[in-house]
Amino acid sequence: MTRHTVGAVMTKEVLYLPAETTLDEAARAMRDADIGDVVVTEGPTLAGMVTDRDIVVRAVAEKLDPASTTIGAVATREVVMIEQNSTVAEAAALMRERAVRRVLVCDLDRQLVGIVSLGDLAVRFDPDSALSGISGTAPSP
């Protein structure tokens, strides 16, 4: 049986935005890049992550002004990371355990090299699943 690694299925293009970025700017950046998450930075430091769901659920539901509220104000500060040579089964177990849909992927030096989402796993290993249909990406051969 082939050992499928997180590095083989992760999204390598990571969008970094400073914590001072407004929600509406972040939403436009996500739309333009056709992604559902951004990594939030404070200077050179990784400060958290914001997803499209954070913008909708946390900001809109709480009636925050998207033109003046920053992503730093709604970012998830406790990010979950996994090493790129971990198996996809380990990534799925970590997502289940931590109740998250996305995990940051690092190399052996703990440097960020990508993001793996539940949709990435679904597209790669169960292209007929409902999740792969909503992920917006075509399965890779």
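Attention here is on the structure that accompanies the text. (Residues numbered from 1 in each chain as written. Predicted model: local features only at pLDDT ≥ 70, side-chain atom pairs only at ≥ 80, totals over all residues. Heavy atoms only, no water.)

## Some remarks on the overall build of the chain
In terms of helices and strands, the chain carries 7 helices and 6 strands. Written out in order from the N terminus, the α and β elements of the chain read α-β-α-β-β-α-α-β-α-β-β-α-α. The buried share of the chain, reckoned over its 141 residues, is 41%. When the accessible surface of the chain is summed, it comes to about 8300 Å², and 53% of that surface belongs to carbon and sulfur atoms. (Helix = DSSP H or I, 4+ residues; strand = E, 2+ residues; numbered from the N terminus. Buried < 20%, exposed > 50% of the residue type's maximum accessible area, 1.4 Å probe, protein only. Areas by Shrake-Rupley, 256 points an atom, 1.4 Å probe, with all protein chains shown as cover.)

## Focus: unusual backbone geometry
In terms of backbone geometry, most residues other than glycine have negative phi values and most peptide bonds are trans. Of note, Asp 34 is a non-glycine position whose phi angle comes to about 55°, a positive value. The backbone phi angle of Lys 63 is positive, close to 55°, even though this residue is not glycine. Locating Lys 63 in the fold gives a position in the loop between helix 3 (52-60) and helix 4 (71-74).

## Let's talk about the sheet that holds strand 4 (residues 81-83)
Strand order in this open sheet of 3 strands is 4-5-6, and the pairing throughout is mixed. Where the open sheet ends on each side, the last strands, each with one partner, are strand 4 and strand 6 (112-117). Neighbour-to-neighbour, the strand axes of the sheet open up by a mean angle of 35°, direction not taken into account. Where strand 4 meets strand 5 (residues 102-106), 3 bridges bridge the pair, whose relative direction is parallel. Within strand 5, the position partnered with Met 81 by the bridge is Leu 104. Contacting strand 4, strand 5 and strand 6, helix 5 (residues 88-98) runs over the sheet at an angle of about 165° to strand 4. (Pairing = 2+ DSSP bridges. Axes fitted to C-alpha atoms, helices over the stretch in contact; angles between N-to-C directions. Contact = heavy atoms within 4.5 Å.)

## Thoughts on the pairing of strand 6
Buried residues dominate strand 6, accounting for 5 of its 6 residues. Across 5 bridges, strand 5 lies against strand 6 in antiparallel orientation. When the sheet's bridge partners are listed, Val 103 is paired in strand 6 with Val 116.

## Quick notes on the nonpolar core
Residues Leu 23, Val 38, Val 40, Val 50, Ile 55 and Ile 71 are the most contacted members of the largest nonpolar core, which totals 14 residues. Of all the elements in the fold, those that place two or more residues in this core are helix 2 (23-33), strand 2 (37-42), strand 3 (45-51), helix 3 and helix 4. With 3 residues, the top contributor of residues to this core is helix 2. Judged by nonpolar contacts, the second largest core, of 13 residues, contains Ile 82, Met 95, Val 116 and Leu 121. (Core = buried A, V, L, I, M, F, W, Y, C linked by side-chain atoms within 4.5 Å.)

## Concerning the side chain of Thr 51
Following the sequence through the fold, Thr 51 ends up in strand 3. When neighbours within four sequence positions are excluded, Thr 51 is seen to be in contact with Met 30, Gly 36, Asp 37 and Arg 102.

## Comments concerning the packing of helix 2 against helix 3
The geometry of helix 2 relative to helix 3 is characterised by a closest axis approach of 10 Å and an angle of 145° between their N-to-C directions. For helix 2 against helix 3, the interelement crossing comes out left-handed. For the pair helix 2 and helix 3, contact is made by Leu 23, Ala 26, Ala 27 and Met 30 and by Asp 52, Ile 55 and Ala 59, respectively. (Left-handed = near helix turned anticlockwise from the far one by under 90°.)

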